[in-house]
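Close look at the chain arrangement
The lines below spell out each chain.
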Amino acid sequence: MTSSSSSFRNATSQQLAEALQHARDYTLSLFECFAAAGMDASPRVPQLRMINPPLWELARIAWFAEWYILREAASSHPADANGNCLLTKGDDWFDAERVPQRARWTLDLPSTGGVKTYCHEVLDRVLDKLSREANTDDALYPYRLALAQEDMHGEAFLYTLQTLGLPAPLPHIGDAQGAFAPSEIGFPGGALQLGSKAGAGFTFDNERGQHAFHVAPFRMDSGLVTNAQYADFVTDGGYDNRQFWSNAGADWLMRQERSAPRFWQRDGGQWRTMRFGKLSTLGGGEPVRHVNLYEAQAYCAWAGRRLPTEAEWEYAALSGHPAFRWGQLWEWTASPFEPYPGFEADRYREYSAPWFHTHQVLRGASFATPSRFGSAKFRHFQLPERDDLFAGFRTCAWPG
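Rules of the game
- Residues numbered from 1 in each chain as written.
- Predicted model: local features only at pLDDT ≥ 70, side-chain atom pairs only at ≥ 80, totals over all residues.
- Heavy atoms only, no water.
- Salt bridge = Lys/Arg side-chain N within 4 Å of Asp/Glu carboxyl O.
- Helix = DSSP H or I, 4+ residues; strand = E, 2+ residues; numbered from the N terminus.
- Buried < 20%, exposed > 50% of the residue type's maximum accessible area, 1.4 Å probe, protein only.
- 1 Å grid on protein atoms, 1.4 Å probe; cavity = no way out; pocket = protein on both sides within 12 Å on 5 of 7 lines; lining within 4 Å.
- Points joined across faces, edges and corners; volume = space filled by probe spheres on them.
- Nonpolar A, V, L, I, M, F, W, Y, C, P; charged D, E, K, R; others polar.
- Pairing = 2+ DSSP bridges.

Remarks on the pattern of salt bridges
As enumerated under the stated definition, the model contains 28 salt bridges in all. The salt bridge partner of Arg9 is Glu207, with a shortest N-O separation of 2.8 Å. With Arg9 in the segment before α1 (13-36) and Glu207 in the loop between β2 (190-194) and β3 (211-215), this pair connects stretches of sequence that are 198 residues apart. This pair shows no difference in class: Arg9 is buried, exactly as Glu207 is. Note that Arg363 and Glu314 form a salt bridge whose closest N and O atoms lie 2.8 Å from each other. Taken together, the residues Arg363 in strand β9 (residues 360-364) and Glu314 in helix α9 (residues 310-318) connect sequence positions 49 residues apart. Owing to a relative accessible area of 0%, Glu314 belongs among the buried residues under this scheme.

Comments concerning empty space enclosed by the protein
The gaps left among the atoms become clear once a water-sized probe is rolled over them. Under the counting rule described, the total for this entry stands at 4 cavities of 30 Å³ or more. One number sums up the size of the largest cavity: a volume of about 70 Å³. When residues of the lining of the largest cavity are traced back to their parent elements, those giving at least two are α1, α2 (54-70), α4 (112-130) and α5 (137-164). Sort the elements by how many residues they give to the lining of the largest cavity and α2 lands first, with 3 residues. Taken together, Arg60, Trp63, Phe64, Trp67, Tyr68, Ser76, Asp95, Glu97, Tyr348 and Glu350 make up the full set of residues lining the second largest cavity. For the lining of the second largest cavity, the per-class residue count stands at 5 nonpolar, 1 polar and 4 charged.

Looking at the pairing of strand β8 (residues 330-336)
In terms of residue burial, β8 counts as a mostly covered element, since 5 of its 7 residues are buried. Pairing of β8 with β9 involves 4 bridges; the strand directions are antiparallel. If you follow Glu331 over to β9, its bridge partner there is Arg363. Relative to strand β11 (residues 391-392), β8 runs parallel, the two sharing 2 bridges. Along β11, the bridge assignment pairs Glu331 with Gly392.

Rendered as structure tokens:
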């Protein structure tokens, strides 16, 4: 994970000020990678389902902070913010609930310079207001929310660069290193308080409703499945053997005509991969990345293994076992994204609720995730077919 700061969830006002400035500097450095390729102009950006035009996304980050901090919005409902946006048509442009993804390419947005000016003006006002806030969870909640939002968009910018084959600001980003000897850990199971406790700093709405959960004994890989292990599955005809694929996975595979993970290329007797527009030899000991849920499930079926549930993953991550490593890549779990008991949507009403039962839970963090964001309690969630993420997986043994 990038950066080396404490969790944003309990950050003081001074820590938040530094983190918000750090996040904005990083976001702008990534945006410059798009601008260098001429993709600050939305019409030049390929209209792909899983990405946004970078200029729109940059402005959306600032608009989000303005909405919840400067305009003190009680919720994401259009009537729940105070005053007007600094940009005359800002609410019409950047409220993601009002602007369908496919329409974001054709908006008459301000110039790149105009959007940057807006970003700077919002951040200056945010930091000024933050300097006068009390160091309480209630007062700092919108700042922590805006920081989390920018950190998530920063990672999204990075995998958009990967998707579009553009260079990223290396060297501190790029490799989920970890050539560890494969091993398995036996966990005794037992009681787990699943979810986050109320009143313990910032929490996302889908984490709340902490509840007792019994985890049965299980055995789990200490690390992620590697490129070399996954290559054995590919070489053994894993993508051609229907018995390893779920019905949904087989449907996806038929549409994709995929025979290896995204970005893999066969070069003679070895595999190579495309990383931020550069072709490189695939490191066998590195965790396999850019695989979706269906590919992870198929590998598990081939290997006679299974994905961990999110409760098992959280139990392992909180166990303190010295061999359990996480944070290299997001990790697919066997758990659909569902609400915890007593779920109530937060101020950002669309953060979780619209995605229950259609998305899948991932746990952990990736090499591109700021360390202040990482938490063993965080529930990442994505559509099962997403293979543009910095995501991999680990496996569990079946009982018995």
